[in-house]
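Here are the chains, one letter per residue:
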Amino acid sequence: MVKFNRFTLDNGLRVIVHEDHTTPMAVLNILYDVGARDENPEQTGFAHLFEHLMFGGSVNIPSYDEPLQRVGGENNAFTSNDITNYYITLPSSNIETAFWLESDRMLSLAFSEKSLEVQRNVVIEEFKQRYLNQPYGDVWLKLRPMIYKVHPYQWATIGKEIKHIEDAKIEDVKAFFKKHYNPQNAIMVVGGDITLEQVKELSEKWFGTIPAGEKYHRNLPQEPEQHDERRATVTAKVPLNDIYIAFQMGDRLDESYYVAELLSDVLSRGHSSRLYRGLVQEKQIFSEVHAYMTGSMDKGIFAFEGKPLENISIEQAEAAIWEELEKIKTIEIPADELTKVQNKTESTMIFSEMSLLDKAMNLAQFELLGDADMLNHETAKYLEVTSGKIKDLANELFRRDNSTTLIYLAEVS
Amino acid sequence: MTIDRKQAPEFRAIDNINLLRPAHQALDNGCNVFCFNSGDQELVRIEWVFGNQRFNPEKPLLNVAVNTMLTEGTNSLTASQIADKVDFYGAFLQVDYGYDNSVVTLYSLNKHLKHTLPVLKDILTDSIFPEKELATYIRNQQQKLQVSLQKNDVVARRTFNKALFGDTLYGLGADMDTYKTLHREDMLVHFKQMYQPSNCTILIAGKIEPEILKLITDTFDKDWTNGEIKADTSQPEANPAPEHFYFTEKPDALQSAIRMGLSVINRNHPDFPYLQVLNTVLGGYFGSRLMANIREDKGYTYGIGSGISSLKHAGAMFIATEVGADVCKSAVAEIEKEVNLLKTDLIPEEELSLVRNYMLGSLLGSLENVFSHADKFKNLYFAGLDYDYYDRYVDAIKTVDATHLKDLANKYLDFDKFYKVIVGKC
């Protein structure tokens, strides 16, 4: 149980307070309701590039990191296809420094040309390091546009191509800030060794005077249901073949989400899971094989990935995955197997309460979904899932005409 | 209410850091148990830590393979049954091989501990490393190795460790053929000698009610006995390579991995906390000199940092990054410049005071929950140090001055003696 209070400032900023006096630290987490899905298709990677620029100084404070480090704080941020999230942890006695820094960059950035130029280069190096100069690093750059034909999830947060990042101009940066970075589009969570009264006072003091700005109304093209089997094969300088099979699935608020999570756990969580036991240990088809899902705000992806052993053909390997899927589509999973994944989920939820930062991030994300208190009802939702629902969902998702297959072949030298 | 946004709020320096100290209990079989009792959640983390056996260059993979395969079967449980039991009770079972110690960790809700502990007892006392599972392990490791060897940063790290430490656990970088030296009979002998109570430390962290502690000590005391031969945890001396420069060319590389550094003191040396301050200034935090120059000013890389590894029998300080292939030479020149600056110029007081506060805040922040308190203890205990180490550490951060740091840089950081590894294009 994660207890919290919440209030909203006149300018629309939502604030959640989670007191935890077992730690001498505090955390300030700000989620901006903007991600790569909100980008212009000709300027992809922008939300993420912008995240980097948020550290390049704000209107009244030339350096973001330096004053924070001076008071013993640390910070970081991440961008996803849905959101951009910034967080600070610091000794609770210095919490006001976090308010000062975060409020100033919500008020306005410095928009320095030098910062833009440097961060363009840094992000281009990140593009290379994580996506281009790694074996299999570009898989999702290729898969996303096959799965999404109209929805902006068709590009990854890093962007479609390096050129989009090279072309970013300071005017674009300013426009993006104006559109997305204002109190109405943000959720702030303050947690740790602080009090509700203290947070109210500091929020009013530092954030209360920031103009509300314009509300951004998201209107994205929604991805139509898939009814055609999609497939591509690429060859690259990698040591082993690799297979990806992806299916469209519901969005995060769809009631099938919890069923899908447990379905994925049954198939792939831990060494007792079906794919590991069946295809790695027993049939010896793969050296590794996994299932996972994106859990995105709009229509998501349920994906499989496996590296077949060298004596196994791609066709055999692909057939072996489908065989497991057919099994789960036709035979209800036994009660014990369901209890197992439910128990695992329950204990994961309890263990996650050990981390102050995790709690703060979770509260922010559930508030964005509609209500931070959903966090406290998650376990119950997993416990409501039945074997029948899992089988039904498997039938709904794992259809050939809902599949996108990417065969990633090792170049024979 | 008007506020001056240009003016930073008042702040307080950190003066007190309270570390939770464990309760200690020695079992009759020689196993030491340390308990960190705190927290609201009804759960525990239990770690069984075993000192690694002496490195055998003919059979270099025994330590890691035995540790990794502990979950692969016992006389009474198959690998599947082990996984089933652990997962069914919502527990997490991890094996972690480290340079000095091999660890088995169980995360469990207290209410399920009576079901999960017997599985742990079984794998720690009765593992059999079945032939079939061993073959699977070897094949899968070889496949993973092929992928790892395509990653420039991995190749750089392996080359660097081999150069610094030679034929030791620290310098080991397995290739495909190394796996041919793994045999079940050797693993069984190794297991028997290493995984015994006198070579085991148990660390428990979480909400430890008396009956929980009793359950654990009962399980791991009474019928867990030592073998005739003690574990041999001595290690051969490191034999550093005479060659200091290694370049592996990858003609298609978009980026080059750079790793450079040298052997230094470890945590047991009185200079160590001061060297950590010096390392932080150089590359130990986001605002460090390497980051400020090579990422934030030049934009050559997504990230660069330096670190010190303190091992039982050695220590190393290193700088690591991946940079655009076209700027590789410039990046190396900038790294050299930053290292040498520490030796010639005093660190300005403003920068030093920032680093002091950052390091103290970071220490405080690293004590997130009861698990982190246990982790801090491990740093001390396995280095043979006491809690006064952290008093000295905090004192070093607060009192070290720029002259002292400059002297240290001259004592430890001779760029000409650095091992330098580049994988990519330069």
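Residues numbered from 1 in each chain as written. Chains lettered and ligands numbered in written order. Predicted model: local features only at pLDDT ≥ 70, side-chain atom pairs only at ≥ 80, totals over all residues.

Secondary structure summary: chain B contains 14 helices and 11 strands in total. The C-alpha radius of gyration of chain B comes to 24 Å, within 12% of the 22 Å expected for a compact globule of 426 residues. Along the first, second and third principal axes, the C-alpha atoms of chain B reach 65 × 60 × 40 Å. Scored against the burial criterion, the 426 residues of chain B give a buried share of 44%. If you take every contact in chain B between residues at least 6 apart in sequence, the share linking residues at least 24 apart comes to 81%. (Helix = DSSP H or I, 4+ residues; strand = E, 2+ residues; numbered from the N terminus. Rg over C-alpha atoms; globule rule 2.2 N^0.38 Å. Buried ≥ 20, exposed ≤ 12 C-beta atoms within 10 Å, placed from the backbone. Contact = placed C-beta atoms within 7 Å.)

Turning our eyes to something else, we now look at unusual backbone geometry. All names here are of chain A. Positive phi outside glycine occurs at Phe111, with the angle close to 50 degrees. The partly exposed category is assigned to Phe111, around which 17 C-beta atoms lie within 10 Å. Residues other than glycine seldom take positive phi values, yet Tyr136 does so here, at roughly 65 degrees. With respect to the helices, strands and loops of the structure, Tyr136 is situated in the loop between helix H4 (113–132) and helix H5 (139–147).

With seven bridges connecting them, strand S9 (residues 286–293) of chain A and strand S10 (residues 300–308) of chain A associate as antiparallel partners. Each residue of the ladder has a partner; that of Val289 of chain A, found in S10 of chain A, is Gly306 of chain A. (Pairing = 2+ DSSP bridges.)

As a further point, take the nonpolar core. By size, the foremost hydrophobic cluster in this structure holds 183 residues, and its most contacted members are Met188, Leu263, Leu363 and Ile390 of chain A together with Val277 and Leu278 of chain B. Beyond its immediate stretch of four places on either side in the chain, Val277 of chain B contacts Val355, Met359, Ala396, Ile397, Val400 and Leu405 of chain B. (Core = buried A, V, L, I, M, F, W, Y, C linked by C-beta atoms within 7 Å.)

It is worth spelling out the interface of chain B and chain A at this point. Between chain B and chain A, the residue contacts involve 56 residues of the former and 59 residues of the latter. The set of elements that each furnish at least two residues to the side of chain B that touches chain A consists of helix H2 (79–88), strand S5 (101–109), helix H4 (131–148), helix H9 (289–297), strand S9 (301–310), strand S10 (315–324) and helix H11 (349–365) of chain B. The element that contributes the greatest number of residues to the side of chain B that touches chain A is H11 of chain B, accounting for eight residues.

Residues and elements named next belong to chain A. Overall, mixed pairing links the six strands, which are arranged S1-S2-S6-S3-S5-S4 in an open sheet. Lying at the two open borders of the sheet, with one neighbouring strand each, are strand S1 (5–8) and strand S4 (74–79). Across this sheet, the average inter-strand angle for adjacent strands is 15 degrees, counted without regard to direction. With eight bridges connecting them, strand S3 (residues 25–32) and strand S5 (residues 84–91) associate as antiparallel partners. If you follow Met25 over to S5, its bridge partner there is Pro91. Packed onto the sheet, helix H1 (residues 46–53) meets S4 and S5 and runs at close to 165 degrees relative to S4. Packing of helix H8 (residues 196–207) onto the sheet brings it into contact with S1, strand S2 (14–19) and strand S6 (186–192), and relative to S2 it is tilted by some 150 degrees. (Axes fitted to C-alpha atoms, helices over the stretch in contact; angles between N-to-C directions.)

With 13 residues, helix H9 (residues 256–268) of chain A should cover 18 Å at 1.5 Å per step; its first-to-last C-alpha distance of 18 Å lies within 8% of that length. The first or second residue beyond H9 of chain A is Gly270 of chain A, which carries a positive phi of 75 degrees. (Expected span 1.5 Å × (residues − 1).)

Turning to the domain arrangement of chain B, a few remarks are in order. Residue and element names in this part refer to chain B. For chain B, the assigned domains are domain 1 (23–221) and domain 2 (245–424). Relative placement of domain 1 and domain 2: their C-alpha centres are 30 Å apart. With 22 residues of domain 1 in contact, the opposing surface of domain 2 contributes 28 residues. When contributions to the side of domain 1 that touches domain 2 are tallied by element, the ones reaching two or more residues are strand S2 (32–37), helix H5 (152–165) and strand S6 (200–206). Split by residue class, the side of domain 1 that touches domain 2 holds 12 nonpolar, six polar and four charged. (Domains from an automatic or database assignment. Nonpolar A, V, L, I, M, F, W, Y, C, P; charged D, E, K, R; others polar.)

The next thing to look at is the sheet that holds strand S8 (residues 255–263) of chain B. In any sheet, the strands associate via hydrogen bonds between backbone groups, in a parallel or an antiparallel arrangement. Strand order in the open sheet formed by five strands is S7-S11-S8-S10-S9 (chain B), and the pairing between neighbours is mixed. The open sheet has two edge strands, strand S7 (245–249) and S9 of chain B, and neither has a second partner. Strand-to-strand twist across the sheet, computed as the mean angle between neighbouring axes with direction ignored, equals 10 degrees. Sheet topology note: the S8 of chain B/S10 of chain B ladder contains nine bridges and is antiparallel. Bridging from a neighbouring strand, Met260 of chain B pairs with Ile319 of chain B of S10 of chain B. Across the sheet, H4 of chain A lies against S8, S9 and S10 of chain B, angled at about 70 degrees from S9 of chain B, the strand it touches most.

This next bit is on helix H12 (residues 335–352) of chain A. Over its 18 residues, H12 of chain A runs 26 Å from end to end, which matches the ideal 26 Å to within 8%, given 1.5 Å per residue. Along H12 of chain A, the residues classified as buried are Glu337, Leu338, Lys340, Val341, Lys344, Thr345 and Ser347 of chain A.

Attention now moves to the pairing of strand S11 (residues 403–410) of chain A. Put simply, side chains in a regular strand alternate between the two faces of the sheet. All names here are of chain A. Pairing between strand S7 (residues 230–236) and S11: seven bridges, direction parallel. By the bridge assignment for S11, Ala236 is matched with Ala410. Judged from the six bridges that link them, strand S8 (residues 242–249) and S11 form a sheet pairing that is antiparallel. Pairing of Ala246 across the sheet is with Thr404, part of S11.

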